[in-house]
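Given next are the chains, with one letter for each unit.
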Amino acid sequence: MRRVLLVVLLVACSRRHEPQPRKHVEEPKPEAKIARADFNRLAVRKNVPVFQLEDGTTVPLLFYPPYSGDAQAEIAKAAKETITDPRIQLVAKDLDQGRPTLVQTKVAPDEKAFVDHMLKVAQLTDEIYDQQTGAAMLADKLPADPESHSLFRRNRGVKCVAPATENDPSCSAIPGSPRQITGLYPTDIQAAPDFCKQLEAKPNAKELLTPFTVVQGDKPVPYSEAYRDKMGAIAAELEAAAGTLKDEPALVAYLRAAASSFRTNDWTPADEAWAAMNVDNSKWYVRAAPDEVYSDPCAHKAMFHLTLARINQGSKAWQGKLVPVQQEMEAAVAVKAGAPYAARKVTFHLPDFIDIVINAGDDRTPLGATIGESLPNWGPVANEGRGRTVAMVNLYLDPDSIAARRAQAESVLDAASMAGYTGTQEPQLLETILHEATHNLGPAHEYQVGGKTDEQVFGGPIAAVLEELKAQTGALFLLEFLRAKGLVSDDLARAAYADSIVWALGHISQGMYTGTKTRKTYGNVAAIQIGYLLDHGALTWDPHATAANGRDQGALTIHPDKLVAACDEMMKTVAGIKARGDVKAATELFAKYVDASTVVPHAVIAERFLRFPKASFVYSVTP
Ligand SMILES: [Zn+2]
C-alpha cells in the first residue's frame, strides 16, 4: 500500500462522513412543498442536474448529461410517482442510499478560463476512465428510464454499490445485469473468474502488468497508444490551461510537463514538475495522471483521474505554531513511551491541505470520497520519497453533512456532552494536524525494539492499528500540552475532544472487520480509544439516560474533568506498547475493546449511526 497517509487521513474522513437525517418521506399532498432533502434525492433519481440550497435556490451540477427539461416540474412529478418495475425499484433504492452532498466552488472572473479548460480535461478523463472500467462499452445498452441512466452515471457503471442493494444480483442499470468487462485486459480471458491469476502466471507477466499499459492479445500497449486521441486532447487542454495563468510558474511548468507526459506515456517529467509544487508557490492543487490501481479488478493498472483543488492555507498557520514546539512535543511523548525509547530529533511532515473543486475519473466515487492521498506511486519521485501528501479538508463541511453528523452525535451522546461539540472545521483540522504530527513522534515506523520493527513484533495488521492508535492518541494527548502553552484555547480544546469522540463513534459504527475478516484499522483504533475512556471514567454509558436527540434511551456522557488524565494514561499505554514491543498488553486492548462488547456498546452505536444515508458528492462550479 502506497497510501499510508491516505489511511491516516481516513481519520479525518469518517469524521466528516456522516450523512444527514433523511426527512421522513410522506406522500406529498398535491400542492405540498417538497422537502429540500427529498427534492435533491429525487433530482438524483431522475438524473436532473440541479441541487437545492438551504435558501431554496438551485445550482446546476457538473458531470451529468446535457439537460434541457423543466427540473422543478419533473421533480414535482417524481414526488407523486410510484415505481412499479421491480428492477427500477431496486435502482432507486440504491440511488436513495446516497445523500446528495454538494461540493460548491465559486470561481473569480480571472480564474474562469483556467477552470474551463480543466473542466474539459475532466470530461476527457471521465471518457478514458469509462473505457478503462468498461462502462463505456455498456452505455448503449441502457434502457430509457432516467433512474437507470442516473445509476450508471453515479456508480460509474451498471452495478449497485450501496449497502442494502450491492449484493442483489438483479440490481443493475441494465436489465439482465450484464457483467461489466474492463477495457484493461482482453475480453475473452475475463470470462475466467481467476483471470488475474492467469495473467500473473504468464511468462511475460511483468511486462504485461506494468501500470501504464493495457493488455491487448498477449501484448502490453502503452496508454498513449490505446487512448491516443483522448490523451492528445487532454494534452492540448492542459497546455491551453497553462496559457491562461499569470504568476503561477510552478503550475504552468507542471501543466506543460503533464501535457508532454500525456503524449509520451513517460510520467516521470510530470511527476518531477508536480513534486516541485507546494502550498507556497501555487494557489491550486492539480493532479492529472493515471495513478491508483484500486479500480482495476487485478490491481495492476493505473486509472486516470483529475483532482482540481484550491490550496487551503489553514494548515500553514497551525504549522507555524507547532514547529517551534515540535521538539518539546517529542520529549512529552517520549516520557510517556518510556524505556527503551529515547527522544530523538524530529521534523514535521504535514500534508498539503486542499479544498476540492472537482473530482474526475477515478477520483469521483459513487459514495463517499477520498480525503487523503500520497502520490506518485511509481518512479523516482516516489522511490526517493519526494512525493506529496494531501488532505481534502473541505469535504463533509456542507450544511447537510454538518447537520447529519450532529444528528448522529445527538443519537449517542447526552445533551450536556453535546455542549462541547461544534461541528465546525477548526477542531477537525487541529485533530488531523495533531494526528499527522504524532506519526512523526515517539516510536515511529523506523523504530526497532530488540532489533525488530513493529511489523515483525506485532504482525502487519496489529502494527498498523497501533501506529494509527498512537497518532490519534497523540491528537488527544497533545491538546492539553498546547492548551497549557496558550496555543489552543480552552474552547477549542473542548471542541476537539468532543469532535474526536464523535469521530471514533462513527468508525465504531462501521464495524471492526471487513467482509473478508481483515481488521478495519480505524474501527479498531476508535474502539480502543472509546473503551479506554470508558474504563478511565472520562466517558460513561448509562442505559437509562436519554440521548441529546430526546428520543434514544441509553447515552454516553463525556466527563471533561477526567479527559486530560485519561488521555495522558492512554498515551502512556499506547506509546509504551510500541516502545517495549509489548505484545501481551496490545493483545489485551484488542480483546477487551475490539472483540468484546462488554465495555464498548458496539451494537448500539452502529444501530444509531447507520440510520443515516452516506454522502454522495455532487459538484457545482459557478461565478
Ligand atoms: Zn494516521
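Here's a quick rundown of the structure.

Analysis parameters
- Residues numbered from 1 in each chain as written.
- Predicted model: local features only at pLDDT ≥ 70, side-chain atom pairs only at ≥ 80, totals over all residues.
- Heavy atoms only, no water.
- Phe/Tyr/Trp six-rings, centres within 6.5 Å; stacked < 30°, edge-to-face > 60°.
- Helix = DSSP H or I, 4+ residues; strand = E, 2+ residues; numbered from the N terminus.
- Buried < 20%, exposed > 50% of the residue type's maximum accessible area, 1.4 Å probe, protein only.
- 1 Å grid on protein atoms, 1.4 Å probe; cavity = no way out; pocket = protein on both sides within 12 Å on 5 of 7 lines; lining within 4 Å.
- Points joined across faces, edges and corners; volume = space filled by probe spheres on them.
- Nonpolar A, V, L, I, M, F, W, Y, C, P; charged D, E, K, R; others polar.
- Contact = heavy atoms within 4.5 Å.

Observations concerning the packing of aromatic side chains
Taken as a whole and judged by the stated rule, the model has 15 aromatic pairs. Here the aromatic rings of Y223 and F304 are separated by 5.1 Å at their centres, their planes lie at 45°, and the arrangement is tilted. Separated by 81 residues along the polypeptide, Y223 in helix α9 (residues 223–226) and F304 in strand β7 (residues 304–311) bring together distant segments of the chain. Exposure remark for Y223: the relative accessible area of 0% places this residue in the buried category. By relative accessible area, which is 1% here, F304 ends up buried. With a centroid separation of 6.0 Å and 65° between ring planes, the pair formed by W274 and Y285 is classed as edge-to-face.

As for the environment of K321
Inspection of the secondary structure puts K321 in helix α13 (residues 314–322). Along the sequence, K321 and E207 sit 114 residues apart, while their C-alpha atoms lie 49 Å from each other.

Some words on the layout of surface pockets
With a probe scaled to a water molecule rolled over the atoms, the places where space remains empty come into view. Reported here for the second largest pocket is a volume of approximately 690 Å³. F63, Y64, Q123, D126 and D130 are, among the 22 residues lining the second largest pocket, the residues nearest its centre. Looking at the lining of the second largest pocket, the elements with two or more residues in it are α5 (112–133) and α6 (146–155). With seven residues, α5 is the single largest residue contributor to the lining of the second largest pocket. Looking at the lining of the second largest pocket residue by residue, the class counts come to 10 nonpolar, four polar and eight charged.

With respect to the environment of L610
Note on placement: L610 falls in the loop between α25 (602–609) and β13 (614–622). Overall, the relative accessible area of 48% leaves L610 in the partly exposed class. Along the primary structure L610 and N47 are separated by 563 residues, whereas in three dimensions their C-alpha atoms are 26 Å apart. In contact with L610, not counting residues within four places along its chain, are S509 and Q510.

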